[in-house]
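Here's the letter readout for the chains.
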Amino acid sequence: MALCAVRRHLLKSSSSCCGAWARLLQRGCVYSSVHCFDQGEIREKLQAFPGGSIDLLKQESGIAVLTINYPSRMNAFSGSMMVDLEERVSQLESWIDCKGLIVQGASGTFCSGSDLNAVRAISNPQDGMKMCMFMQNALTRLLRLPLISVALVEGRALGGGAELTTACDFRLMASGSVIQFVHKHMGLVPGWGGAARLVRIVGSQNALKLLGGALKVDPELGLQIGLADGVLEVPQAEEGAVTLLQRAENWLSHYTNGAAPVVQAVKKVVLSGRELPLSEALRTEKDVFGTVWGGPANLQALASKTKHR
Ligand SMILES: CCCC(=O)SCCNC(=O)CCNC(=O)[C@H](O)C(C)(C)COP(=O)(O)OP(=O)(O)OC[C@H]1O[C@@H](n2cnc3c(N)ncnc32)[C@H](O)[C@@H]1OP(=O)(O)O
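In this report, we go over the structure that sits alongside the text. (Residues numbered from 1 in each chain as written. Predicted model: local features only at pLDDT ≥ 70, side-chain atom pairs only at ≥ 80, totals over all residues. Heavy atoms only, no water.)

1. Considering the environment of Gly230
The test is simple: Secondary structure elements are taken from DSSP: a helix is a run of H or I of four residues or more, a strand is a run of E of two residues or more, and numbering for both begins at the N terminus. Think of it in three bands: residues with accessible area under 20% of the maximum for their type are buried, residues over 50% are exposed, and the middle band is partly exposed, with areas taken using a 1.4 Å probe on protein chains only.
One can find Gly230 in strand β9 (residues 230–232). Since its relative accessible area comes to 9%, Gly230 is described here as buried. Put simply, Gly230 and Gln104 are 126 residues apart on the chain and 15 Å apart in space, counted from C-alpha to C-alpha.

Structure representation (structure tokens):
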């Protein structure tokens, strides 16, 4: 009976969890009409610069693969790809069974930033700021997805491509790969939220060095400063060899194994701890806890008398 009462209480509080979590997700949109941000208008503008695609493959394992696909421009982001990205993030937001996401580039390289042809065409500050707000919204929503994401960096991640890696929970660097915030060489600073996220990942001293010197981060330096969470050897192209993507899926599975609601809850408590003031983060943690306590995975673990030896 006592357990039933606790469950009733927690079920009640899990509806408030949806409230707290929904509020955090709403914050996913950094910019809205309050900031004179007109999503429809900027989408239309971006669609005027077509080319390439952002492809999403949702797998039964609960791991999705997002591919930046514009090989003839080293996977630079055209305007239509920015719109594609935002649509793929929406699809992931409504995927109930999601657990993990791998973000990769097509044809052996990650992403060379924004498409310089589009950049030249919208080089006035107003359009640049609108593009920047659009991408900040999309990448913030990507980072806040209730799944564990990893950027699989093969080849080069330059400029906006380097910024994109920071919108994932983890970064895996393939041997020979480079992450480089080349913005300073382009007379720019990051604008897709990459600087704010980089400071949180590597600290302000390292971020200043990476941005101020436009340093090339190879896997060794990446590991040293905490930008990279792992290094994967690029497999030989032999028949039957495990691909780089499979290696990344293996790596990610250490964190995504288990029931989807539990994996999602892990991400939610870490995200709220990172983004909310302590009192609010604690309340959200309590609410998220209420969604898994007495849930199927919890009851199964109790019934099987799980040991942690
Ligand atoms: C807020 C966002 C800030 C930004 O992202 S600004 C953009 C930062 N990115 C860049 O400046 C990248 C410039 N590109 C490069 O440095 C080099 O192309 C790169 C990526 C090192 C590759 O060098 P290589 O392997 O020698 O190949 P390549 O130069 O012949 O390039 C192959 C084709 O890809 C094109 N490409 C590469 N990066 C691009 C980009 N960002 N926008 C538009 N086109 C781009 C390049 O022009 C070339 O095309 P094409 O064969 O000449 O028609």
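Here the narrative resumes, following the displayed structure.
2. A look at the site of the ligand
The criterion, for reference: Proximity is defined per residue: any heavy atom of the residue falling within 4 Å of a molecule or strand makes that residue near it. N or O atoms closer than or at 3.5 Å make up a polar contact, with two conditions inside protein: a donor-capable atom paired with an acceptor-capable one, and, for residues adjacent in sequence, both atoms drawn from side chains. In this classification, the charged set is Asp, Glu, Lys and Arg, the nonpolar set is Ala, Val, Leu, Ile, Met, Phe, Trp, Tyr, Cys and Pro, and all remaining amino acids, among them Gly, are polar.
Surrounding the ligand, one finds 19 residues, the nearest of these being Ser72, Ser112, Ser114, Leu116 and Gly160. At 3.2 Å from an oxygen atom of the ligand is found a main-chain nitrogen or oxygen belonging to Ser72. Its residues placed into classes, the shell around the ligand shows seven nonpolar, eight polar and four charged.

3. Side note on the packing of helix α2 (residues 39–47) against helix α5 (residues 125–143)
What counts here: Fitting a line to C-alpha atoms yields each axis, with helices limited to the stretch in contact; the angle taken between N-to-C directions then spans 0 to 180 degrees. Reported orientations rely on four angle classes, namely roughly parallel under 35 degrees, roughly antiparallel over 145, roughly perpendicular from 65 to 115, and oblique for the rest. Throughout, a contact is declared for two residues whenever any of their heavy atoms are within 4.5 Å.
One way to put it is that α2 packs onto α5 with a least axis distance of 10 Å and a crossing angle of 105°. The orientation of α2 relative to α5 falls into the category roughly perpendicular. Facing α2, whose interface residues are Gln39, Glu41, Ile42, Arg43, Lys45 and Leu46, α5 presents Asp127, Lys130, Met131, Phe134 and Asn137. When grouped by side-chain class, the residues that make up the contact of α2 with α5 number four nonpolar, two polar and five charged.

4. With respect to the pairing of strand β2 (residues 63–69)
For the record, the criterion: Pairing between two strands requires that DSSP report at least two bridges joining them.
By the criterion of burial, β2 is predominantly enclosed, with six of the seven residues buried. Alignment of strand β1 (residues 53–58) against β2, held across six bridges, turns out to be antiparallel. The residue bridging Asp55 from the neighbouring strand is Thr67, located in β2. Linking β1 to β2, which pair antiparallel, is a turn of four residues; within it Gly62 sits at a positive phi near 90°.

5. Notes on the pattern of salt bridges
It is possible for side chains of opposite charge to pair when their charged atoms get near one another. Just so we agree on the cut-off: By definition, a salt bridge exists where a carboxyl oxygen of Asp or Glu is found within 4 Å of a side-chain nitrogen of Lys or Arg.
Counted according to the given criterion, the structure contains 12 salt bridges. The residue Lys45 makes a salt bridge to Asp127 at a minimum N-O spacing of 3.5 Å. Of the two residues, Lys45 is situated in helix α2 and Asp127 in helix α5; the sequence distance between them amounts to 82 residues. Overall, Lys45 belongs to the partly exposed group, its relative accessible area being 31%. A salt bridge links Asp115 to Arg73; the nearest nitrogen and oxygen atoms lie 2.8 Å apart. Remark: Arg73 occurs in the loop between β2 and α3 (79–93) and Asp115 occurs in the loop between β3 (100–105) and α4 (116–121); sequence separation between them is 42 residues.

6. What about the sheet that holds strand β5 (residues 156–158)?
One open sheet holds the three strands; their spatial order is β5-β7-β8, and the pairing between them is mixed. Single-partner strands in this sheet number two, and they are β5 and β8 (216–217). Summarising the sheet, strand β7 (residues 178–180) and β8 pair through two bridges and their orientation is antiparallel. Bridging across to β8, Ile179 finds its partner in Val217.

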